[in-house]
Amino acid sequence: MAELARRAGIAKSTLSQLESGAGNPSVETLWALGVALNVPFSRLVDPPRPVVKVIRAGEGPVTHSERADYAATVLSSCPPNARRDIYRIEAQPGETRASDPHMPGTVEHVLIGAGRALVGPTEAPVELGPGDYVSYPGDAPHVFRALAPDTLAVIVMEHI
């Protein structure tokens, strides 16, 4: 524990508090620990992935800075050996955009910027509003349907 604290540049007592679950680490502390352990920051704060994951605006694992008015919410971390494509979506109410399954192992991540949309697996889409996030298997049939005018979203397709 002393060696890890030294390599991360944090107090041994801070590390002890974190290890016992009593501490509330800052972004800087978690970043330093990640570097010392050779583990990406997102792996330290991102909980295990369910098949479909929804994060509403204002929810999720938030880590605050001790140096600035800054908060980081990890929505998703990229698994090893994956590739991500990022798309900006503009959609209007009307027909549902139905997608056939993509390559095996594909995961889609959607973050709504404005408007409302019904998004996710064809059999169980989720209604999302501004700031809401969902991830779901992209290798199964899925949909995107705008529920409000001028709906904006970002879709990240993760290919493993």
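What counts, and at which threshold
- Residues numbered from 1 in each chain as written.
- Predicted model: local features only at pLDDT ≥ 70, side-chain atom pairs only at ≥ 80, totals over all residues.
- Heavy atoms only, no water.
- Helix = DSSP H or I, 4+ residues; strand = E, 2+ residues; numbered from the N terminus.
- Polar contact = N/O pair within 3.5 Å; in protein donor to acceptor, adjacent residues only side chain to side chain.
- Contact = heavy atoms within 4.5 Å.
- Pairing = 2+ DSSP bridges.
- Axes fitted to C-alpha atoms, helices over the stretch in contact; angles between N-to-C directions.
- Buried < 20%, exposed > 50% of the residue type's maximum accessible area, 1.4 Å probe, protein only.
- Core = buried A, V, L, I, M, F, W, Y, C linked by side-chain atoms within 4.5 Å.
- Salt bridge = Lys/Arg side-chain N within 4 Å of Asp/Glu carboxyl O.

Draft legend 1. Representation of the side chain of His142 within the structure. For His142, the location among the structural elements is in strand 10 (residues 142-146). Polar side-chain contacts of His142 include one of 2.9 Å to the side chain of Glu108. Discounting residues that sit within four places of it in the chain, His142 has contacts with Arg97, Ala98, Ser99, Asp100, His102, Glu108, Gly120, Pro121, Thr122, Tyr136 and Pro137.

Draft legend 2. Representation of the sheet that holds strand 4 (residues 83-91) within the structure. Reading across from one edge, 1-9-6-11-4 is the order of the 5 strands in this open sheet, with antiparallel pairing throughout. On the outer flanks of this sheet lie strand 1 (53-55) and strand 4, each paired with one strand and no other. When the angles between neighbouring strand axes are averaged without regard to direction, this sheet yields 15 degrees. Alignment of strand 1 against strand 9 (residues 133-137), held across 3 bridges, turns out to be antiparallel. Bridge pairing in strand 9 links Lys53 to Ser135.

Draft legend 3. Structural view of the pairing of strand 9. Of all 5 residues making up strand 9, 4 are buried, and the element is well covered by its neighbours. As paired elements, strand 6 (residues 107-114) and strand 9 share 5 bridges and run antiparallel to each other. Among the inter-strand pairings, His109 is bridged to a residue of strand 9, identified as Ser135.

Draft legend 4. The arrangement of unusual backbone geometry in detail. The phi dihedral of Asp150 falls on the positive side, at around 55 degrees, and the residue is not glycine. Following the sequence through the fold, Asp150 ends up in the loop between strand 10 and strand 11 (151-159). Judged by its relative accessible area of 52%, Asp150 is exposed.

Draft legend 5. Seen up close, the nonpolar core. Formed by 14 residues in total, the largest nonpolar core has its most connected members in Val110, Ile112, Val119, Leu128, Val134 and Phe144. Those elements that place two or more of their residues in this core are strand 6, strand 7 (117-121), strand 8 (126-128), strand 9, strand 10 and strand 11. Counting residues per element, this core draws most heavily on strand 11, which supplies 3 residues. Not counting the four nearest positions on each side in its chain, Leu128 is found in contact with Val54, Arg56, Ile112, Gly115, Arg116, Ala117, Val119, Tyr133 and Val134. Ala8, Ile10, Ala32 and Ala36 belong to the second-largest nonpolar core, a separate cluster that totals 8 residues.

Draft legend 6. Region of the structure containing the pattern of salt bridges. Scanning the entire structure with this criterion turns up 6 salt bridges. Between Glu3 and Arg6 there is a salt bridge, and its shortest N-O distance comes to 2.5 Å. With a gap of 3 residues between them, Glu3 and Arg6 both fall in helix 1 (residues 2-8), about one helical turn apart. Arg88 is paired through a salt bridge with Glu90; the nearest N and O atoms lie 2.4 Å apart. Note on Arg88: relative accessible area 56%, which makes it exposed.

Draft legend 7. View of the environment of Glu59. Along the chain, the position of Glu59 falls in the loop between strand 1 and strand 2 (62-64). Take Glu59: its relative accessible area is 44%, and that puts it in the partly exposed class. Separated by 27 residues in sequence, Glu59 and Ala32 have C-alpha atoms that sit 24 Å apart.

Read these as geometric descriptors, not functional statements.
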